[in-house]
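# Survey of secondary and tertiary structure
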Amino acid sequence: MAKLSEHFSREEFACQCGCGQDTVDYELIRVLEALRSNTGPIIISSGNRCTKRNKAAGGALKSFHVISKAADIIVKGNTPAEIYHHLSERYPDRYGIGLYSGWVHIDVRGGAKARWDENHS
Ligand SMILES: [Zn+2]
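Residues numbered from 1 in each chain as written. Predicted model: local features only at pLDDT ≥ 70, side-chain atom pairs only at ≥ 80, totals over all residues. Heavy atoms only, no water.

This part takes up the side chain of histidine 105. Within the secondary structure layout, histidine 105 lies in strand 4 (residues 104-107). Side chain to side chain, histidine 105 and aspartate 107 meet in a polar contact 2.7 Å long. When neighbours within four sequence positions are excluded, histidine 105 is seen to be in contact with His65, Ala70, Ala71, Asp72, Gly96, Ile97, Gly98, Tyr100 and Trp116. (Helix = DSSP H or I, 4+ residues; strand = E, 2+ residues; numbered from the N terminus. Polar contact = N/O pair within 3.5 Å; in protein donor to acceptor, adjacent residues only side chain to side chain. Contact = heavy atoms within 4.5 Å.)

Structure (structure tokens):
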């Protein structure tokens, strides 16, 4: 296990196709560690996606998963809505935060923030 920080290892962010893409933006790790200090364990349901895998998963063409700046997360003991609101309040002017029925997407994009709620769109 290649440890990236106290609670996360590189393997957790690896592309699920097995291609070996497992880079992680350090800012993303910082955001996840900050969240982890307020919650239980965080499961990375999707970290990196190579272009091929991203296409197969139906991801956006310019998905931040492709450039190692995004993670879809599930937090034990919290609903996705709770995590979505927690992150939105903590980072009112930054990042991409998306609420899905089973997980929360967080990306550390530069520039303008983005918010979306797949349950109400
Ligand atoms: Zn891949």
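So much for the structure itself; the text now carries on.
All chains considered together, the criterion is met by three salt bridges. A salt bridge links aspartate 25 to lysine 69; the nearest nitrogen and oxygen atoms lie 2.8 Å apart. Taken together, the residues span a long stretch of sequence, with aspartate 25 in the segment before helix 1 (26-36) and lysine 69 in the loop between helix 2 (51-56) and strand 2 (70-75) at a distance of 44 residues. Given the relative accessible area of 24%, lysine 69 is considered partly exposed. Among the ionic pairs, arginine 109 bridges to aspartate 107, the shortest N-O distance being 2.7 Å. On the accessibility criterion, aspartate 107 (0% relative accessible area) is buried. (Salt bridge = Lys/Arg side-chain N within 4 Å of Asp/Glu carboxyl O. Buried < 20%, exposed > 50% of the residue type's maximum accessible area, 1.4 Å probe, protein only.)

Okay, the coordination of the zinc ion next. Binding of the zinc ion to the protein goes through Cys15 (SG), Cys17 (SG), Cys19 (SG) and Cys50 (SG), at separations of 2.3 to 2.4 Å. Geometry at the zinc ion is tetrahedral, judged from its four donor atoms and the angles of 104 to 113 degrees they form at the metal. In the primary sequence, the donor residues of the zinc ion line up as C-x1-C-x1-C-x30-C. Pair noted here: cysteine 19 is in the segment before helix 1 and cysteine 50 is in the loop between strand 1 (42-46) and helix 2, with a separation of 31 residues, a long-range link. Cysteine 19 sits in the partly exposed class, given a relative accessible area of 43%. (Donors = N, O, S within 2.8 Å, 3.2 Å for Na, K, Ca; no water. Tetrahedral: all angles 85-135°; square planar, octahedral: opposite > 155°, others 65-115°.)

Looking now at the nonpolar core. One finds Phe13, Leu32, Ile73, Leu87 and Ile106 to be the most contacted residues of the largest nonpolar core, which totals 24 residues. Of all elements in the fold, only helix 1, strand 1, strand 2, helix 3 (80-90), strand 3 (96-99) and strand 4 reach the threshold of two or more residues within this core. Here the element with the most residues in this core is helix 1; it accounts for six residues. In this structure isoleucine 73 touches Leu32, Leu35, Ile42, Ile43, Ile44, Ser45, Ile83, Trp103, Val104 and Ile106, once residues within four positions along its chain are discounted. (Core = buried A, V, L, I, M, F, W, Y, C linked by side-chain atoms within 4.5 Å.)

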